[in-house]
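In case you want the letters, here they are:
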Amino acid sequence: MSKSLNPETIAAGNGIALDESFGAVTPPIYLSSTFVFPGFAQSGPYDYSRTANPSRALLADTIARLEGGAGAVVTSSGMSAVDLLLSTLEPDTLIVAPHDCYGGTYRLLAARRDRGHFSVVFVDQGDDAALEAAFEQYPALVLIETPSNPLMRVVDIAQIAERAKSFGAKTAVDNTFLSPALQRPISLGADFVIHSTTKYLNGHSDVVGGAIVAADAADVETFATWANITGITGAPFDSYLTLRGLRTLFPRMERQQENAERIARFLDAHPQVAAVHYPGLPSHPGHAIAGRQQAGFGAMLSFELDGGVGAVRRFVESLSVFTLAESLGGIESLVAHPATMTHVGMGETARAAAGITDRLLRLSIGLEAADDLLADLEQAFDVARERVAAL
Ligand SMILES: *Cc1c(COP(=O)(O)O)cnc(C)c1O
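Residues numbered from 1 in each chain as written. Predicted model: local features only at pLDDT ≥ 70, side-chain atom pairs only at ≥ 80, totals over all residues. Heavy atoms only, no water.

Caption draft 1: How the structure looks around the nonpolar core. One finds Ile263, Leu267, Leu301, Phe303, Phe315 and Leu363 to be the most contacted residues of the largest nonpolar core, which totals 60 residues. For this core, the leading source of residues is helix 9 (residues 249-268), giving eight residues. Residues Ala97, Leu141, Ile212 and Ala227 belong to the second largest nonpolar core, which totals 23 residues. (Core = buried A, V, L, I, M, F, W, Y, C linked by side-chain atoms within 4.5 Å. Buried < 20%, exposed > 50% of the residue type's maximum accessible area, 1.4 Å probe, protein only. Helix = DSSP H or I, 4+ residues; strand = E, 2+ residues; numbered from the N terminus.)

Here's what the structure looks like:
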């Protein structure tokens, strides 16, 4: 497909009607682990599926084009995509990471730091002075997550990437929460984009996978080499499913975001809600930056429920359209309680420092009818309030 196509067309159509064997409209899955050598000492485009596989290559190409990168490597999970990036660092380098980064990323950075693989400073990237102090230690890599999990903090990618560059550091953005449908970090100056494709890119909560995109072709080569060395490339079947999900990324995102905006406004006006964290609300501290650097405000939000942990428990237990589960970005709406689920490993002190309270709930908004989602939340508020009143 030509380069000038719109991203919606790339997502829906990359690889369609290109099959040279039988004219299949939908690209076939190549599950084969190994490929024929055309002759003695001659290799074809593929030899072994750990190294390269046509189904995985098509997914990588689609993600890279959507992100505006030179290429991508598809990995077995979001965490292995982060680890692939870390594999390419020289020893003794410094990484600057967000103080409120994804728990698995925090754990990976801390574990490798403790093994002496590199140093890490965790900083509040919304705090210019703290960020500047970190830059003055000449990091090799700056990791950004925006919006952050679960408080939806937003940082300015272009500004941080520019500062990083002036100190000789590369910038990587974990774009899992928005997807390239709503945010394209390379166009804002980032060098690398990381995805947990488990979330919005696949979008159906039936694959665990990841990807790393690089702006520069030489970096893509380095990542591909290291992915082959360590064997963390994604499986062909998972790649097929993820590409199948990715075909509908844009309409899913549009509809899920529409639902999320309605729910955010409903929660914002609700007397039993102490705070709503959604960048689409004008009261959100990152609203202006998000409006500038994002094509939409996304379908993730969190909020604080009035009434203590008992009310939170009853609220969650009385929901029926929302499902109590970790993860996000699927077609189904999920509710998570970070303090007892996604962020339990952080410990109470670190959670308090990050601003994650026991009454915080995170919502991943799906494709259901907004009226059903709102009715489900409303009845759960009623249950929470009745029990509070009865105490
Ligand atoms: C889920 C997630 C990851 C990790 O991805 P896995 O596919 O679960 O390994 C990394 N970053 C963010 C922001 C995530 O939400």
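Additional details are given in the paragraphs that follow.
Caption draft 2: Spatial organisation of the pairing of strand 9 (residues 300-305). Most of strand 9 sits out of view: six of its six residues are buried. Examined bridge by bridge, strand 8 (residues 273-277) and strand 9 share four bridges and lie antiparallel to one another. In the strand pairing of strand 9, His277 is matched with Ser302. When strand 9 meets strand 12 (residues 360-364), the two strands line up antiparallel, connected through five bridges. Directly across from Met300, in strand 12, lies its bridge partner Ser364. (Pairing = 2+ DSSP bridges.)

Caption draft 3: Structural detail: the site of the ligand. In the vicinity of the ligand there are 13 residues, among which Gly78, Asp174, Ser196, Thr198 and Lys199 approach most closely. At 2.8 Å, a side-chain N or O of Ser196 approaches an oxygen atom of the ligand. Between an oxygen atom of the ligand and a side-chain N or O atom of Lys199, the distance comes to 2.8 Å. Bound to the protein, the ligand loses 91% of the 380 Å² it would expose on its own. Grouping the amino acids of the shell around the ligand by side-chain chemistry returns five nonpolar, six polar and two charged. (Near = heavy atom within 4 Å. Polar contact = N/O pair within 3.5 Å; in protein donor to acceptor, adjacent residues only side chain to side chain. Areas by Shrake-Rupley, 256 points an atom, 1.4 Å probe, with all protein chains shown as cover. Nonpolar A, V, L, I, M, F, W, Y, C, P; charged D, E, K, R; others polar.)

Caption draft 4: Expanded view of the environment of Gly298. Summarising the element assignment, Gly298 is placed in the loop between helix 10 (287-293) and strand 9. Accessibility expressed as a relative area gives 1% for Gly298, which makes it buried. With 275 residues separating them in the primary sequence, Gly298 and Gly23 have C-alpha atoms 37 Å apart. When near neighbours in sequence (up to four residues on either side) are disregarded, Gly298 contacts Leu178, Leu182, Gln257, Ala260 and Tyr278. (Contact = heavy atoms within 4.5 Å.)

Caption draft 5: A look at the side chain of His284. For His284, the position within the fold is in the loop between strand 8 and helix 10. From its side chain, His284 meets the backbone nitrogen of Gly286 in a polar contact 2.8 Å long. Those residues in contact with His284 that sit more than four places away from it in its chain are Leu151, Met152, Val154, His277, Tyr278 and Pro279.

Caption draft 6: Layout of helix 8 (residues 236-246). Turning to helix 8, its buried residues number three or more, namely Pro236, Ser239, Leu241, Thr242, Leu243, Gly245 and Leu246. Residues of helix 8 that are buried make contact with helix 1 (7-13), helix 2 (54-67), strand 1 (71-75) and helix 9.

Caption draft 7: Seen up close, the domain arrangement of the chain. Segmenting the chain into domains produces domain 1 (7-246) and domain 2 (249-390). Its C-alpha centre places domain 1 at a distance of 27 Å from the equivalent point of domain 2. Summing both sides of the interface, domain 1 and domain 2 together bury roughly 2,900 Å²; the carbon and sulfur share of this comes to 63%. Between the two partners, domain 1 and domain 2, sit one salt bridge. One salt bridge connects Arg292 with Asp156, and the closest N-O pair in it is separated by 3.1 Å. Taken together, the links from domain 1 to domain 2 amount to 14 residue pairs in polar contact (both at pLDDT 80 or more). Among the secondary structure elements, those contributing two or more residues to the side of domain 1 that touches domain 2 are helix 1, helix 6 (157-166) and helix 8. Top element by residues in the side of domain 1 that touches domain 2 is helix 1. It accounts for three residues. Split by residue class, the side of domain 1 that touches domain 2 holds 20 nonpolar, 10 polar and four charged. (Domains from an automatic or database assignment. Buried area = accessible area lost by both parts, 1.4 Å probe. Salt bridge = Lys/Arg side-chain N within 4 Å of Asp/Glu carboxyl O.)

Caption draft 8: Examining the pairing of strand 4 (residues 141-145) more closely. Among the five residues that make up strand 4, five are buried, leaving the element largely enclosed by the rest of the structure. Side-chain alternation along strand 4 places Leu141, Leu143 and Glu145 on one buried face and Val142 and Ile144 on a second face that is also buried. Bridge analysis of strand 4 against strand 5 (residues 170-174) gives five bridges, and the strand direction is parallel. Across the sheet, residue Leu143 finds its bridge partner in strand 5, namely Ala172.

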